[in-house]
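Residue-level structure breakdown
Chain by chain, the residues:
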Amino acid sequence: MNGRTLRGKVAVAGIGETTYYKHGQAPDPEFKLALMAILRAAEDAGIDPREIDGFASYSNDRNDPSRLAAALGIRELRFANMQWGGGGGGGAAAVGNAAAAVATGMADCVVVFRALAQGQFARFGQGPRARTIDGDMAFQAPYGLMSPGQRYAMKVMRFMHDHGVRQEALRAIAMASYHHAQANPRAVMNGRPLTEADYDASRWIVEPFHLFDCCMENDGAAALILVPAERAKDLPHKPSYLLSAVTGSDYRCAAPSHNAPNYASASFASVAPHLYEMAQLGPGDVDVLQSYENFTGGVLMSLVEHGFFPPEEANDFLKPENLYAPGGRLPLNTSGGNLAECYMHGLELQLEAVRQIRGDSTAQVPDVDVSMVIAGPMVTPVSSCIFGSEATL
Amino acid sequence: MTAPHYLPEGLPIPVPENDGLSRPYWEGTRRGELWIQKCKDCGTWQWGPEWICHSCRSFEIEWLQVEGKGRIFSWERVWHPVHPALKEHGPYIVVLVELPAAGNVRMIGNLLGDPRQEVPIGAAVEAVFESHDDTDPPYTLVQWRRVDDS
Ligand SMILES: [Zn+2]
């Protein structure tokens, strides 16, 4: 372990989100949604929004920091950062990038945000409409291999085959998100409980994914405000200290035409050890976990690669009762996550991790000191991060 | 050999990039041949195509014709269409095939035959060339069908 670390240097001071909508149903344009979430995060932090001096996002968010700064009347812009590639896999990386700027003195108050209005813009889960196609997609689209679900199903199929993982394990992950969403009034699927029979009877999207294994697509925006740890102590909320944030992927993860050597993987094999090393913690220390569900099979492999259980124990570990707050072995996706709270590209998971430290989740786990987030599995680069209470410092 | 089209017309037409990287592959499929990359310096097979060998960083990459024989590495059965050309088109199977004679590189295709068939990982398959002669430009896809495993 070298001396270079983010551990404990930066804290989340405020969180904010808009109402979450079904895709295409937001009454406001995407840029306005971004502004609303940022202002709510500033208000939550007890910070004048003009003190924000940096922005970080991911997945080519369309809401340009310079326009945001001008619109908000921010006095001075000092940090404008975009995590390259990886879609939702960039969520924890954006937090890490913002924290790195704060920890090194490049900026003092950085907002991490993501806004989506998919009625205004194209949806993710659609195939390419161009008449011709080249590059890596030329080896895929003509075979009907186009959407994210289609791109990742074969990874999960191979993983389940290699380790004898049953469909019930994926089902338990879906059940956890829907279960927790029933307590969360923000959740798009609040009031829409899921039973195991509903899951089993739901149509296939692409085997091995049923309908309920696949994330929603939604409209809305979310934001977090990061400040130096010393400053966070004087602000209204109990600080969530960033203990670690890491991003990347292993050897030739992006090899074209599905040639990644470690194919049946969530892409965290090389990333997760760095996460724990910086946090000076292990998987056994994690009190509550938010793990990005683009597809439940990605959560399965994320949990294995972060050391929560070996693949051979997936069928035993991934049972609903083990994943439910407050008393499960590993309470998972306690806001409802991408499946049932809102697909805010995983940034809603970062907000929920902070609520668990503060003690104000709608599915609160008692006495949370270590709260972890895993961002978008199976893409590259992926990322994950760990927040801690003051007791972990 | 040639085959009828597995999926309906109207999906994107594959073409080489404007830098020509994958042109030898697409020209080969038009002749009913499977051509992939191999490094002249270290002998590493490589797929998809790239300008450099990932193993030794040589730019001396050659294209070689390989036998269209492989094994199913993974698969999926698609039920929900995401492209207008596939609306109302029932399930179809995508397979990822590894080529043991070419360093186990993997290629994507459809598995011909009953779209509801069982798909055993590890099963032997062979290439079938599916010509699309009436499109602009014309192209040929490499598809796969199961063969006797013995
Ligand atoms: Zn070489």
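Located above this text is the structure these notes cover.
Small disclaimer: the values here were computed from a predicted structure and weren't measured. (Residues numbered from 1 in each chain as written. Chains lettered and ligands numbered in written order. Predicted model: local features only at pLDDT ≥ 70, side-chain atom pairs only at ≥ 80, totals over all residues. Heavy atoms only, no water.)

Another aspect to go through is the packing of aromatic side chains. Within this structure, the stated rule accounts for 12 aromatic pairs over all chains. Between A:Tyr178 and A:Phe212, the ring centres sit 5.6 Å apart and the planes meet at 90°, which makes this aromatic pair edge-to-face. Here the residue A:Tyr178 occupies a position in helix α5 (residues 167–181), and A:Phe212 occupies one in the loop between β8 (209–210) and β9 (218–228), the gap between them amounting to 34 residues. We classify A:Tyr178 as buried; its relative accessible area is 6%. Since its relative accessible area comes to 18%, A:Phe212 is described here as buried. On the basis of an interplanar angle of 80° and a centroid distance of 4.8 Å, the ring pair of B:Tyr25 and B:Trp26 is categorised as edge-to-face. A residue is classified by how much of its surface remains accessible, and B:Trp26, at 6% relative accessible area, is buried. Through a chain of ring-to-ring contacts, three or more aromatic side chains come together here, namely A:Phe139, B:Tyr25, B:Trp26, B:Trp47 and B:Trp63. (Phe/Tyr/Trp six-rings, centres within 6.5 Å; stacked < 30°, edge-to-face > 60°. Helix = DSSP H or I, 4+ residues; strand = E, 2+ residues; numbered from the N terminus. Buried < 20%, exposed > 50% of the residue type's maximum accessible area, 1.4 Å probe, protein only.)

Okay, the pairing of strand β6 (residues 92–99) of chain B next. Here is the key point about a regular strand: its side chains alternate between the two faces of the sheet. Residues and elements named next belong to chain B. Taking burial as the measure, the eight residues of β6 include eight buried ones, the bulk of the element. Inspection of the sheet shows strand β5 (residues 69–78) paired to β6 by seven bridges, in the antiparallel sense. Looking at β6, one finds that Glu 76 is bridged to Val 94. Pairing analysis gives six bridges linking β6 to strand β7 (residues 105–110), with the strands arranged antiparallel. (Pairing = 2+ DSSP bridges.)

Let us look at the interface of chain B and chain A. Each partner contributes to the interface: chain B provides 43 residues, whereas chain A provides 41 residues. Taken over both partners, the interface formed by chain B and chain A buries close to 3700 Å², and the fraction arising from carbon and sulfur atoms is 58%. For chain B, the biggest contributors to the area lost against chain A are B:Val82, B:Arg106 and B:Ile108; these three give 19% of the whole. On inspection of chain B and its partner chain A, the count reaches one salt bridge. Among the salt bridges present, the one from B:Arg77 reaches A:Glu207, with a minimum N-O distance of 2.6 Å. At the boundary of chain B and chain A, one finds 20 residue pairs in polar contact (both at pLDDT 80 or more). (Contact = heavy atoms within 4.5 Å. Buried area = accessible area lost by both parts, 1.4 Å probe. Salt bridge = Lys/Arg side-chain N within 4 Å of Asp/Glu carboxyl O. Polar contact = N/O pair within 3.5 Å; in protein donor to acceptor, adjacent residues only side chain to side chain.)

Turning to the coordination of the zinc ion, a few remarks are in order. Octahedral metals with six donors have ideal donor angles of 90 or 180 degrees. Tetrahedral metals with four donors have an ideal donor angle of 109.5 degrees. With distances of 2.3 Å, the protein atoms coordinating the zinc ion are B:Cys39 (SG), B:Cys42 (SG), B:Cys53 (SG) and B:Cys56 (SG). Metal-centred angles of 105 to 115° between the four donor atoms at the zinc ion mark the site as tetrahedral. (Donors = N, O, S within 2.8 Å, 3.2 Å for Na, K, Ca; no water. Tetrahedral: all angles 85-135°; square planar, octahedral: opposite > 155°, others 65-115°.)

To continue, consider the side chain of A:Asp213. Residue and element names in this part refer to chain A. Relative to the helices and strands, Asp 213 resides in the loop between β8 and β9. Nearest to the buried, unbridged Asp 213 among oppositely charged side chains is Arg 171, at 8.8 Å. In this structure the side chain of Asp 213 is engaged in a polar contact, spanning 2.7 Å, whose partner is the side chain of Tyr 199. What Asp 213 contacts, discounting residues up to four positions off in sequence, is Gln 167, Leu 170, Tyr 199, Pro 208, Asn 294, Phe 295, Thr 296 and Leu 339. (Lys, Arg positive; Asp, Glu negative; His and termini not counted.)

All names here are of chain A. Throughout the structure, instances matching the rule amount to 21 salt bridges over all chains. Here Arg 186 ties to Glu 352 by a salt bridge, and the two come within 3.8 Å at their closest N and O atoms. Linking Arg 186 in the loop between α5 and α6 (196–201) with Glu 352 in helix α13 (residues 347–358), this pair joins segments that are 166 residues apart in sequence. When its relative accessible area of 24% is taken as the criterion, Arg 186 is described as partly exposed.

If you look at the biggest cluster of nonpolar residues, it comprises 160 residues, and the most contacted ones within it are A:Leu300, A:Leu318, B:Tyr25, B:Leu99 and B:Trp144. Not counting chain neighbours up to four residues away, the residues in contact with B:Tyr25 comprise A:Phe139, A:Tyr143, B:Leu34, B:Trp35, B:Trp47, B:Trp63, B:Met107 and B:Val142. Counting 33 residues, the second-largest nonpolar core is a separate cluster that includes A:Ala26, A:Ile47, A:Val111 and A:Ala223. (Core = buried A, V, L, I, M, F, W, Y, C linked by side-chain atoms within 4.5 Å.)

Residues and elements named next belong to chain A. At a closest axis distance of 9 Å, the pairing of helix α4 (residues 148–163) and helix α9 (residues 296–305) adopts a crossing angle of 55°. The orientation of α4 relative to α9 falls into the category oblique. Handedness of the α4/α9 crossing: left-handed. Residues Lys 155, Val 156, Phe 159 and Met 160 of α4 form the contact with α9, whose participating residues are Gly 297, Gly 298, Leu 300, Met 301 and Val 304. Class assignment for the residues of the contact of α4 with α9 results in six nonpolar, two polar and one charged. (Axes fitted to C-alpha atoms, helices over the stretch in contact; angles between N-to-C directions. Parallel < 35°, antiparallel > 145°, perpendicular 65-115°, else oblique. Left-handed = near helix turned anticlockwise from the far one by under 90°. Nonpolar A, V, L, I, M, F, W, Y, C, P; charged D, E, K, R; others polar.)

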